[in-house]
Amino acid sequence: MKKPRGSIVVRRAHRTDVPQWLSMRRALWPDCPLRDHRKEIAGILADARYQPVWVAEDADGELAGFLEASVRNYADGAGRENVGYLEGCYVRPRLRKRGIGHELVKAAERWAAQRGFRHMGSDTWIGNKGSHCAHLAMGYREAGRDIHYVKRLKPGREP
Ligand SMILES: CC(C)(COP(=O)(O)OP(=O)(O)OC[C@H]1O[C@@H](n2cnc3c(N)ncnc32)[C@H](O)[C@@H]1OP(=O)(O)O)[C@@H](O)C(=O)NCCC(=O)NCCS
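Our subject in this report is the structure included herewith. Everything quoted here is computed from the prediction, not taken from an experiment. The residue numbering used here restarts from 1 in each chain and proceeds along that chain's sequence as written. Only residues with pLDDT of at least 70 get local features here, since the model is predicted, and only at 80 or more are side-chain atom pairs given and counted; chain-wide, interface and lining totals rely on the full set of residues. For the side-chain quantities, the full set of heavy atoms in the structure was used; hydrogens and water were omitted.

## A few points about the pairing of strand β2 (residues 53-57)
Going by this rule: A simple rule labels every residue: compare its accessible area, found with a 1.4 Å probe on the protein chains alone, to the largest value its type can have, and call it buried under 20%, exposed over 50%, or partly exposed in between. Numbered from the N terminus, helices here are DSSP runs of H or I no shorter than four residues, and strands are runs of E no shorter than two. Strands are treated as partners if at least two bridges between them are detected by DSSP.
Where burial is concerned, most of β2 is hidden: four out of the five residues are buried. Pairing analysis gives four bridges linking strand β1 (residues 9-12) to β2, with the strands arranged antiparallel. Its bridge partner being in β2, Val10 is matched across the sheet by Ala56. Sheet analysis places β2 next to strand β3 (residues 63-72), joined by five bridges and oriented antiparallel. In the strand pairing of β3, Val53 is matched with Glu68. Linking two consecutive strands that pair antiparallel, namely β2 and β3, is a turn of five residues; a positive phi of about 85° is found at Gly61 within it.

Right, here's the structure in full:
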């Protein structure tokens, strides 16, 4: 893995990061309405013990990426125990494949290990090959696959 450029620092997110964090969040989850992003960010900032966030910042204060983690009580492959969980990780496209994503993940893993968790869980979309390869390269193994279904219902009255 290439080392991130020397000027990149990974640190916990602050309230002042919200505008750049929000713009990266919108790029990662474009289907999420803006008001939901704002609501989720407010909830995350108020719950730093269970929902920590890291950002990768360059020397000019520009954010190159972010990672949101959480505590879950289950993860495929780890069973019924509290685990650290990678909820979302994003690196700006022009800065990818320089080790920044891995530095963010390592920060989250250190946090989880310090909390006494034995595993870090994660997931990605089935077609997201880049993320899948990155997970494998960072030491994660595939623990299962989900398929989601939906069916449109005919309008009806309650029986
Ligand atoms: C996934 C993502 C966060 C990786 O960030 P990154 O900064 O490029 O990752 P790194 O440079 O630290 O790479 C870590 C390892 O994964 C590998 N890797 C990263 N992207 C890869 C890709 N697209 N294809 C194959 N391998 C990849 C790297 O080669 C490296 O492996 P190495 O240590 O053996 O060299 C970034 O590609 C991204 O933001 N993607 C879009 C959002 C996304 O899919 N997020 C994940 C799901 S929430």
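After that view of the structure, there is still more to cover.
## Regarding helix α1 (residues 18-28)
The condition is simple: Directions drawn from the helix axis to the C-beta atoms are what define this arc. Any two residues having at least one pair of non-hydrogen atoms within 4.5 Å are treated as being in contact.
Inspection of α1 places Val18, Trp21, Leu22, Met24, Arg25 and Leu28 among the buried residues, and these make up the whole buried set. What you see down the axis of α1 is that its buried residues fit within an arc of 165°, all on one side. Buried residues along α1 sit in contact with α2 (34-45), β2, β3 and β4 (83-91).

## Here's the deal with the pairing of β3
The buried fraction of β3 is high, at eight of ten residues. Note that β3 and β4 share eight bridges and pair antiparallel. By the bridge assignment for β4, Ser70 is matched with Tyr85.

## Observations concerning the packing of aromatic side chains
Let me state the cut-off plainly: Geometry of aromatic contacts follows a simple scheme: Phe, Tyr and Trp rings, the Trp one being its six-membered ring, pair when their centres are within 6.5 Å, and the pair is stacked under 30 degrees between planes, edge-to-face over 60, tilted otherwise.
For the coordinates displayed, the defined rule picks out four aromatic pairs. Taking 6.0 Å as the distance between ring centres and 65° as the angle between the ring planes, the aromatic pair formed by Trp54 and Trp111 counts as edge-to-face. In this pair, Trp54 sits in strand β2 while Trp111 sits in helix α3 (residues 100-114), placing the two residues 57 residues apart along the sequence. With a relative accessible area of 10%, Trp111 lands in the buried category. Between Phe66 and Tyr90 the ring centres are 6.4 Å apart and the planes differ by 35°, which places this aromatic pair in the tilted class. Of this pair, Phe66 sits in strand β3 while Tyr90 is found in strand β4, placing the two residues 24 residues apart along the sequence. Given the relative accessible area of 0%, Phe66 is considered buried.

## Considering the sheet that holds β3
We count it as follows: All axes here are fitted lines through C-alpha atoms, helices being fitted over the stretch that makes contact, and every angle between N-to-C directions spans 0 to 180 degrees.
One open sheet holds the five strands; their spatial order is β1-β2-β3-β4-β5, and the pairing between them is mixed. Strands with a single pairing partner mark the edges of an open sheet, and in this sheet they are β1 and β5 (120-122). Sheet twist, expressed as the average angle between the axes of neighbouring strands with direction ignored, equals 30°. Pairing of β4 with β5, which is carried by three bridges, proceeds in the parallel orientation. Residue pairing across strands places Leu86 opposite Ser122, the latter belonging to β5.

## Topic: the pattern of salt bridges
Note the threshold: Salt bridges are identified by distance alone: a Lys or Arg side-chain nitrogen within 4 Å of an Asp or Glu carboxyl oxygen.
Tallied over the full model, the rule gives eight salt bridges. Between Asp17 and Arg11 there is a salt bridge, with its nearest N and O atoms 2.8 Å apart. No difference in accessibility class separates Asp17 from Arg11, as the two residues are buried. The shortest N-O distance in the salt bridge between Arg118 and Glu81 comes to 2.5 Å. Here the residue Arg118 occupies a position in the loop between α3 and β5, and Glu81 occupies one in the loop between β3 and β4, the gap between them amounting to 37 residues. Residue classification places Arg118 among the exposed residues on the basis of a relative accessible area of 66%. By relative accessible area, Glu81 is classed as buried at 18%. Salt bridges sharing partners connect three or more residues here, namely Arg11, Asp17 and Glu57.

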